[in-house]
Amino acid sequence: VQLQASGGGLVQAGGSLRLSCAASGRAFSSYGMGWFRQAPGKDREFVAGISWSGASTDYSDSVKGRFTIRRDNAKNTVYLQMNSLKPEDTAVYYCVADRLPRRGVVVRTAGSYSWGQGTLVTVSS
């Protein structure tokens, strides 16, 4: 699978950004998708995930209520809408695709996913 993330940039605290990730190379609609992030000097962390059917979503506590993940199977694209951004959201955001098809739940383990290139999000205070 090939994953192409876009939409990162510089935004002021309180602002919004929408990340997009276009997938190719396999049947998009059969696989869960997600986003991880890595801030400078920190470990990568799970941000959000959506199951292959779209019926299940999961969010880290740090973004719950502010970020929304959704998928458009017709466009082979997953989105991350980020609202009320905080300086601590500054990180490189990575789009990921589940290695297993039709997994019924969202998993938070990085090794369960194939990774795309990242897109940098910078939130200024």
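Preceding block: the structure.
Throughout this description, residue numbers start from 1 for each chain and increase along the sequence as written. For a predicted model such as this one, the threshold for reporting local features is a pLDDT of at least 70, and the threshold for listing and counting side-chain atom pairs is 80 or more; totals across whole chains, interfaces and linings nevertheless cover every residue. Heavy atoms from the whole structure form the basis of all side-chain values; hydrogens and water molecules are not counted.

K.L.:
Summarise the pairing of strand β8 (residues 77–82); cite the residues concerned and give the values.
P.N.:
Most of β8 sits inside the fold, with five of its six residues counted as buried. Relative to β8, strand β3 (residues 17–24) runs antiparallel, the two sharing six bridges. Across the sheet, residue Leu19 finds its bridge partner in β8, namely Leu80. Paired strands, in this sense, are two strands between which DSSP finds at least two bridges. A run of H or I in DSSP becomes a helix once it reaches four residues, and a run of E becomes a strand once it reaches two; helices and strands are each numbered from the N terminus. Relative to β8, strand β7 (residues 67–72) runs antiparallel, the two being bridged by six bridges. Paired with Arg71 across the two strands is Val78, which belongs to β8. As consecutive antiparallel partners, β7 and β8 are separated by four residues, and within that stretch Asn76 has a phi angle of approximately 50 degrees, a positive value. Between buried and exposed lies partly exposed: a residue is buried under 20% and exposed over 50% of the maximum accessible area for its type, with that area taken using a 1.4 Å probe on protein chains only.

K.L.:
Give a description of the state of the cysteines that names residues and reports values.
P.N.:
Note on terminology: disulfide denotes any pair of cysteine sulfur atoms within 2.5 Å. Tallied over the full model, the rule gives one disulfide. The partner cysteine of Cys21 in its disulfide is Cys95, sulfur to sulfur 2.0 Å. Judged by the torsion about the S-S bond (-80 degrees), the Cys21/Cys95 disulfide is left-handed. Here Cys95 lies in strand β9 (residues 91–101) and Cys21 lies in strand β3, a separation of 74 residues in the sequence. When its relative accessible area of 0% is taken as the criterion, Cys95 is described as buried.

K.L.:
Quick one: what's the story with the pattern of salt bridges, residue by residue and with numbers?
P.N.:
Every case where a carboxyl oxygen of Asp or Glu lies within 4 Å of a side-chain nitrogen of Lys or Arg is listed as a salt bridge. Overall, the coordinates contain six salt bridges when judged by the stated rule. Measuring nitrogen to oxygen at the nearest pair gives 2.6 Å for the salt bridge that ties Glu45 to Arg37. Accessibility expressed as a relative area gives 34% for Glu45, which makes it partly exposed. Given a relative accessible area of 4%, Arg37 falls into the buried group. With its nearest N and O atoms 2.7 Å apart, the salt bridge here joins Asp89 to Arg66. Of the two residues, Asp89 is situated in the loop between β8 and β9 and Arg66 in the loop between β6 (57–59) and β7; the sequence distance between them amounts to 23 residues. Look at Arg66 and you get buried, because its relative accessible area is 11%. Taken together, the salt bridges that share partners define one network made up of Arg37, Glu45, Arg66 and Asp89.

K.L.:
Outline the sheet that holds strand β1 (residues 2–6), listing residues and values.
P.N.:
Spatially, four strands are ordered β1-β3-β8-β7 in an open sheet, and the strand pairing comes out antiparallel. Of all the strands in the sheet, the pair left with one neighbour each is β1 and β7. Strand after strand, the sheet turns through a mean of 15 degrees between neighbouring axes, direction not considered. Orientation is described by axes fitted as lines to C-alpha atoms, over the contacting stretch for helices, and by angles from 0 to 180 degrees between their N-to-C directions.

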